[in-house]
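Fold and contact review
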Amino acid sequence: MGLVSTILRGSAAACILLALPVAAAAQTSGCALQNADGGRRILRCPGGVTVTAEAGAGFNLNDRNGDGSPDSASLRRKAILVDVDSSRHTGGFQVVTPQAIAAVRGTQWAVDVGGGQTSVLVVRGAVAVRRPQGDSVVLRPGEGVDVRAGSSALEVRRWPQARAAALLARLGQ
């Protein structure tokens, strides 16, 4: 597989990770890569950001402010677990999917894209979730939301243990 990597300077993104050979992608973004069981990838990035991606996840990491630490992820398929250390990372972090935007200052949460919906589960901290246009809801530990296209109100639910455990198991938790 050939290496496809791009570093954009002076634009909205300072690094993009595409479904590449991960070692090369991690070097390009300043993130350290760890390959984990089941094809998972763990990216430990400057500024206290750690992203665990399940095998086959399609996502980009972006450094919009150019400080050398990613501040957002664009997730197109499958799941990632994001852990942001607020004592080391300033300015927040967001995950953008086709259906939703999940944003925090410092926490740990999982985002899963598939079947025409985005599902967000909070492990630690609090996460605001909204559609690209619309009001947001705030999730606390153990709570989740399923976001589909449309304008219906987002419904926060405490996820059943089995559902939360199944998603987190895909992410090595």
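Worth saying up front: this structure is predicted, and the values here are computed from it rather than measured. (Residues numbered from 1 in each chain as written. Predicted model: local features only at pLDDT ≥ 70, side-chain atom pairs only at ≥ 80, totals over all residues. Heavy atoms only, no water.)

1. Here's the deal with the nonpolar core
- Residues Ile80, Phe93, Trp109 and Val129 are the most contacted members of the largest nonpolar core, which totals 31 residues.
- Ranked by residue count, the leading element in this core is strand 5 (residues 72–84), at five residues. (Core = buried A, V, L, I, M, F, W, Y, C linked by side-chain atoms within 4.5 Å. Buried < 20%, exposed > 50% of the residue type's maximum accessible area, 1.4 Å probe, protein only. Helix = DSSP H or I, 4+ residues; strand = E, 2+ residues; numbered from the N terminus.)

2. Considerations on the environment of Arg148
- The topology assignment puts Arg148 in strand 12 (residues 143–148).
- Sequence-wise, Arg148 and Gly115 are 33 residues apart; in three dimensions their C-alpha atoms are separated by 9.3 Å.

3. Topic: the confidence of the model for the protein chain
- For the protein chain, the average pLDDT comes to 84, and 83% of its residues sit at 70 or higher.
- Within the model, the stretch residues 1–28 combines pLDDT values under 50 with 52 contacts to residues more than four positions away or in other chains. (pLDDT = per-residue confidence, 0-100. Contact = heavy atoms within 4.5 Å.)

4. A few points about the pairing of strand 9 (residues 117–124)
- Counting buried positions along strand 9 yields six of eight residues, so the element is predominantly enclosed.
- For strand 8 (residues 108–114) and strand 9, the ladder comprises seven bridges, and the chain directions are antiparallel. Pairing of Asp112 across the sheet is with Ser119, part of strand 9.
- One ladder, built from five bridges, connects strand 9 with strand 12; its direction is antiparallel. Bridge assignment links Val120 to a residue of strand 12, and that residue is Val145. (Pairing = 2+ DSSP bridges.)

5. Brief notes about the packing of aromatic side chains
- For the structure shown, the criterion picks out one aromatic pair.
- Relative to Trp109, the ring of Phe93 has its centre 6.2 Å away and its plane inclined at 70°; by these criteria the two rings are edge-to-face. Residue Phe93 is located in strand 6 (residues 93–96), and its partner Trp109 is located in strand 8; the two are separated by 16 residues in the primary sequence. Assigned by exposure class, Phe93 and Trp109 land together as buried.
- The residue whose ring lies beneath Arg163 is Trp159, and the NZ or CZ to ring-centre distance is 3.8 Å. (Phe/Tyr/Trp six-rings, centres within 6.5 Å; stacked < 30°, edge-to-face > 60°. Lys NZ or Arg CZ within 6 Å of the ring centre and 35° of its normal.)

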